[in-house]
Amino acid sequence: MPFTSEKINRLNDCLQSAGQIVITAHKSPDGDSVGSSLALYHYLIQEHDNVIICHPDKAPDFLHWMKGYDQIQTWEENREEVTRAMNDADVIFCLDYNAPGRIGQMDPLLGRAKATKVMIDHHRDPVSEFVDIMFSDPAICSTAQLIFELINARSDLFKLNDAISEAIYTGLITDTGSFRFSSVTPRTHEIAAYLIHKGLHHSRVHELIFDNNTENRIRLTSYAMLEKLVVKDEYKTAYVSLTLDEQARFSAKKGDTEGLVNKALALQGVQMAVFFKEADGLIKISFRSSGTIPVNDIARNHFSGGGHKNASGGKHVGSITEAIEKFVTILPKFVEENKVHFTA
Ligand code: 5GP
Ligand code: MN
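Since the model is a prediction, treat every value here as computed from it, not as a measurement.

## Topic: the coordination of the manganese ion (ligand 2)
Bound to the manganese ion (ligand 2) on the protein side are D32 (OD), D96 (OD), H122 (NE2) and D175 (OD), at distances that span 2.2 to 2.3 Å. For the manganese ion (ligand 2), the single-chain donor residues occur in sequence as D-x63-D-x25-H-x52-D. Taken together, the positions of D32 in helix α2 (residues 31-44) and H122 in the loop between β5 (116-121) and β6 (133-136) put the pair 90 residues apart, joining distant regions of the chain. In terms of burial, D32 and H122 fall into one category: buried.

Below is the structure:
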């Protein structure tokens, strides 16, 4: 548990004298980065007047219902305000990322900022140099769980309200596949139970996040599974790819391909799944695995990325065909080297 009293005291000292507080999170926000940002926001505004969330870019539509979402400033849409806030900040929280490059074009702003920088994160191999206070624990399923622990460590659980509870719960369920992944511990369920005891409508949050698909999204997913799924039985691996043209055919919006890779992983016998997505100028790659297969090794060693053992990502500069060929070429060696992790 990273919340030692020494570090909490240092944080308390910084917050006590802080004027402007900024909350940042990684590029291409997901349920955990938005959930942890909003949870921290709704907690801090109870004591502080100037708290602002500054994200590199907008979150997918399925997260826009969250209380306070419309308060989030993005570098993409409002550079002036984000620049002002980062320059004026006394404290900058760095949520759900372990290296400054993960906030994209906001990285130089963070580097120049005079603020005390506070990381709260659960990714492996955190870069400690860019922050002043580091709360990092890769064993914890989500940054949202760490936000709960922070509030608990400051003896502030009585400050939990609906907005905070929904935001924490959103982070918990989106980063754990709804409490499925091995990163879930009894503590995760204790926290969920605590939130429900306090009045959280958990089924409402699940519905808002998971039962809110557009027709286009359902058809895009179905197309990808029907036409684009490749199964490599001998390697217990499946992959899917979508070009820009294919995404355009279904008017794909941000977030529409989220979870696609997990559908490939859900195939009987498949223990590793990959999704190749053509974006502007590069191919984004998502890796997922079950058990102890370390897909973050492939992401790090071959695709300039990283992440968690069972969920990681990377990129390839070039065509989608090249990216797939590169993966297919390294696949036999990876499976051979990691055969103890592939179960019979
Ligand atoms: P996703 O497949 O959902 O985009 O990413 C899954 C996880 O992989 C993220 O939570 C993050 O930890 C990691 N990840 C994704 N893309 C990158 C990347 O470009 N670099 C690094 N270091 N990690 C990434
Ligand atoms: Mn996370």
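Read on for the rest.
## Section: the packing of aromatic side chains
Scanning the model with the defined rule gives eleven aromatic pairs in all. The interplanar angle of 75° and the centroid separation of 5.6 Å between the aromatic rings of F148 and Y194 together place this pair among those described as edge-to-face. Note that F148 is positioned in helix α5 (residues 143-153) and Y194 in helix α7 (residues 186-197), a separation of 46 residues in sequence. The class of F148 is buried, set by a relative accessible area of 2%.

## A word on the sheet that holds strand β3 (residues 73-74)
The parallel open sheet is built from six strands, whose spatial order is β3-β2-β1-β4-β5-β6. With partners counted over all chains shown, the strands left at the sheet margins are β3 and β6, one partner each. Relative to strand β2 (residues 50-55), strand β1 (residues 20-25) is paired through five bridges, and the arrangement is parallel. Each bridged residue has a counterpart across the sheet, and for V22 the counterpart in β2 is I52. Relative to β2, α2 is tilted by about 170°, and along the sheet it contacts β1, β2 and β4 (91-95).

## Section: α5
Counting buried positions along α5 gives nine out of eleven residues, so the element sits mostly inside the fold. Of the positions making up α5, those classed as buried are T143, A144, Q145, L146, I147, F148, E149, L150 and I151. If you follow the buried residues of α5, they end up packed against α1 (5-16), α2, β4, β5, α6 (162-175) and α7. S155 occupies a position one or two residues after α5 and carries a positive phi of about 55°.

## A short note on the sheet that holds strand β9 (residues 272-279)
Read from one edge of the open sheet, six strands run β7-β8-β9-β10-β12-β11, paired in mixed fashion. Two strands bound the open sheet, and with one partner strand each, they are β7 (230-232) and β11 (306-307). Relative to β9, strand β8 (residues 237-242) runs parallel, the two being bridged by six bridges. Bridge assignment links A238 to a residue of β9, and that residue is A273. Where helix α13 (residues 320-337) meets the sheet, its contacts fall on β7, β8, β9, β10 (282-289) and β12 (311-316), and the angle it forms with β9 comes to roughly 160°.

The rules behind these values
Numbers given for residues are sequential positions, taken from 1 along each chain in its written order. Lettering of chains starts at A and numbering of ligands starts at 1, both following the order in which they are written. Local features are withheld for residues below a pLDDT of 70 in this predicted model, meaning they are given only at 70 or higher, and side-chain atom pairs are given and counted only at 80 or more; totals for whole chains, interfaces and linings count all residues. Hydrogens and waters are ignored; side-chain quantities use all the structure's heavy atoms. Coordination partners: N, O, S within 2.8 Å of the metal, 3.2 Å for Na, K and Ca; water not considered, so apparent gaps in a site are possible. Secondary structure is summarised from DSSP: a helix means a run of H or I of at least four residues, a strand means a run of E of at least two, and numbering begins at the N terminus for each. Each residue is assigned to one of three classes by its accessible area relative to the maximum for its type, calculated with a 1.4 Å probe on protein chains only: buried under 20%, partly exposed between the two thresholds, exposed over 50%. Stacked, tilted and edge-to-face are the three classes applied to pairs of Phe, Tyr and Trp rings, where Trp contributes its six-membered ring and a pair requires centres within 6.5 Å; stacked means planes under 30 degrees apart, edge-to-face means over 60, and tilted covers the rest. A pair of strands is treated as paired once DSSP finds two or more bridges between them. In what follows, residue pairs with any heavy atoms lying within 4.5 Å of each other are defined as contacts. Each axis is a line fitted through C-alpha atoms, taken for helices only over the stretch in contact, and angles between the N-to-C directions span 0 to 180 degrees.

Functional significance is not addressed by these values, which are geometric in nature.
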